[in-house]
Amino acid sequence: MFNKILVANRGEIACRILQAASEMNIPTLAVYSEADEKALHVLKADEAALLGPAPALESYLNIDRIIEVAKEHGCDAIHPGYGFLAENHNFAKRCEDEGITFIGSNAESIRAMGNKVEARQMMVNSGVPVIPGMEAPAADAAKFKEHAEAVGYPVLLKAAAGGGGKGMRVVHDPDSIEDALNGAMREAKSAFGDDSVYLEKYIEEPRHIEFQVFGDKHGNYAHLFERECSIQRRHQKIIEETPSVAVDDGLRKKMGEAAVMVARACNYTNAGTVEFLLDKNKNFYFLEMNTRIQVEHPITEMVVGVDLVKEQIRVASGKKLSIRQDQLRQHGHAIECRIYAEDALNNFLPSSGKLLFYREPSGPFIRVDTGVYSGVDVSVYYDPILSKLIVWGENRADALERMKKALDNYILLGVTTSIPYLKAILEHEKFISGETYTDFIPTYMAEWKPPQVAEDSLKAALISVVLNEMNQKAAPVEGGEQEMPSPWKTIGKWEIGMGG
Ligand code: MV4
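Remember, it's a predicted structure, so these values are computed and weren't measured experimentally. (Residues numbered from 1 in each chain as written. Predicted model: local features only at pLDDT ≥ 70, side-chain atom pairs only at ≥ 80, totals over all residues. Heavy atoms only, no water.)

Draft legend 1. Geometry of the sheet that holds strand β8 (residues 197-201). If you walk across this open sheet you meet the three strands as β7-β6-β8, and the pairing is antiparallel. Taken across any chain shown, the strands that pair with only one partner, and hence form the sheet edges, are β7 (169-171) and β8. Each adjacent strand pair in this sheet contributes to an overall mean axis angle of 30 degrees, direction not counted. Relative to β8, strand β6 (residues 155-159) runs antiparallel, the two sharing five bridges. When the sheet's bridge partners are listed, Leu-156 is paired in β8 with Glu-200. (Pairing = 2+ DSSP bridges. Helix = DSSP H or I, 4+ residues; strand = E, 2+ residues; numbered from the N terminus. Axes fitted to C-alpha atoms, helices over the stretch in contact; angles between N-to-C directions.)

Draft legend 2. Just the environment of Asp-216, in detail. Within the element layout of this structure, Asp-216 appears in the loop between β9 (207-215) and β10 (221-233). Spatially, the C-alpha atom of Asp-216 lies 37 Å from that of Glu-34, the residues being 182 residues apart in sequence. With sequence-adjacent residues up to four places away left out, Asp-216 is seen in contact with Tyr-268, Thr-269, Val-315, Lys-319, Lys-320 and Leu-321. Separated by 3.2 Å, the side chain of Asp-216 and the backbone nitrogen of Gly-219 make a polar contact. (Contact = heavy atoms within 4.5 Å. Polar contact = N/O pair within 3.5 Å; in protein donor to acceptor, adjacent residues only side chain to side chain.)

Draft legend 3. Structural context of the site of the ligand. Among the 16 residues in the neighbourhood of the ligand, the closest are listed as Lys-158, Glu-200, Lys-201, Ile-203 and Glu-288. Between the ligand and Glu-200 there is a distance of 2.9 Å, counted from a nitrogen atom to a side-chain nitrogen or oxygen. Between a nitrogen atom of the ligand and a main-chain N or O atom of Ile-203, the distance comes to 2.9 Å. Protein chains shield 88% of the accessible area of the ligand, which is 520 Å² for the free molecule. (Near = heavy atom within 4 Å. Areas by Shrake-Rupley, 256 points an atom, 1.4 Å probe, with all protein chains shown as cover.)

Draft legend 4. The arrangement of the side chain of Lys-237 in detail. When you line up the elements, Lys-237 lands in strand β11 (residues 236-242). The exposure class assigned to Lys-237 is buried, which follows from its relative accessible area of 9%. In terms of polar contacts, Lys-237 uses its side chain to reach the side chain of Glu-296, at 2.8 Å. Discounting residues that sit within four places of it in the chain, Lys-237 has contacts with His-208, Glu-210, Cys-229, Ile-231, Gln-232, Glu-275, Gln-294, Glu-296, Arg-338 and Tyr-340. (Buried < 20%, exposed > 50% of the residue type's maximum accessible area, 1.4 Å probe, protein only.)

Draft legend 5. Looking closely at the domain arrangement of the protein. Taken domain by domain, the protein consists of domain 1 (5-103), domain 2 (132-201) and domain 3 (207-444). Computed over C-alpha atoms, the centres of domain 2 and domain 3 are 30 Å apart. Buried area between domain 2 and domain 3, summed over both chains or domains, comes out near 280 Å², and the portion from carbon and sulfur atoms is 68%. Seen at the junction of domain 2 and domain 3, the total is zero salt bridges. Across the side of domain 2 that touches domain 3, the residue classes break down as two nonpolar, three polar and one charged. (Domains from an automatic or database assignment. Buried area = accessible area lost by both parts, 1.4 Å probe. Salt bridge = Lys/Arg side-chain N within 4 Å of Asp/Glu carboxyl O. Nonpolar A, V, L, I, M, F, W, Y, C, P; charged D, E, K, R; others polar.)

Right, dumping it as structure tokens:
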């Protein structure tokens, strides 16, 4: 096993990885930027090293500096988490060259899956269903018209270097192709430095269904079933669940086998996710493969009962997969809500500042993966995810009720969060009935505005929280002077005056 793991990330995922390493009794090194000196992941690690200034390019994306710090501290493995360097094949290669184990797949599979056209071609060759369309990018409108004619309108133009929906254009008729192509190429160039664009049949009202896969370094593979992630805003997932209401056992078996074929086709070696689009007729198509642990991995952990991060570490160290396909089962239902620091009244822009008061919900089958605590500064430099709330239930309805109550009991003051928005989604009849397609948010939530909470009820809630907190923390000590924590200190700007 490893001597020491460097966790090349921050926030909730860094904390999640530190927890796994700690439970495996592997020493850990956190890395941090100048903005993160007081961040939770720094407190949780055995050691911590400063990378550099707040901007990610100078800290969490600074490959030379991270390698330097790993060597200085005797780290023989690096876990990249998600985002930052997680899918950077140059970084994975650099680790390999430096004799440091990258806790993720091999550099070549990361590179191959990073190019959407190459990935697609590989899947065609392996017999995995892909969306009908062009096999290679082109640059002249006539070629696009030919292919559009062949697959039928509407069609979708996509960037080859792609991902995140950038450089995508839906086209309904041949007359619009030329303008759409120019626009898509321009956008692809500025987003990815590569203006390669290709065309696919446009799948209307699909679901985003992804499969968790795992490979080891001995050629063994398994999948850990699906996650439905159709609830997205601007290609950002908001709520994920498993199992999907749209997938029955027969389809699950077929999709799971296809997902393993994808992993096998690129010699994948660690945790990965195979994304599919599922159309109304239950046809599924390979979309892309994410070569990292995903934000939403906990719902799989809750339903399948496997610690995915520990398995990543074990497999990276050369051990065989500890899971076997015929022993894996889904049990019950899990839902995850991502808690973002964002302001719905301000076009969902990140909300920053001091998190004045923080209290998590707790109780049976409630899990919170967090990167914050009361008093921490929420910075503008990084992804605004604060935490993830994950619940398990015996079935979807139970999990849904548990999630709603848990959100009610989640208190974050000082920064604006996505909680009211999440509650509105969970209470929407189309969500309750499981009619969750990728256009759910633009279709049903476009007009949504956060409810106006009367200031008095906010104050009342606050007083009750603080008094409750004082009761818990300040039980009388026999014979001793009791120092009472001042609620006014804790909640700062929320000056609660009697009669005010
Ligand atoms: C599609 C599609 C419909 N038809 N491809 C969006 C991001 C990129 N990774 C793939 N995406 C899509 N590709 C065809 N041929 C619809 C989407 C899409 C989408 C996919 C998954 C989850 C949310 C989405 C939201 C809008 C569009």
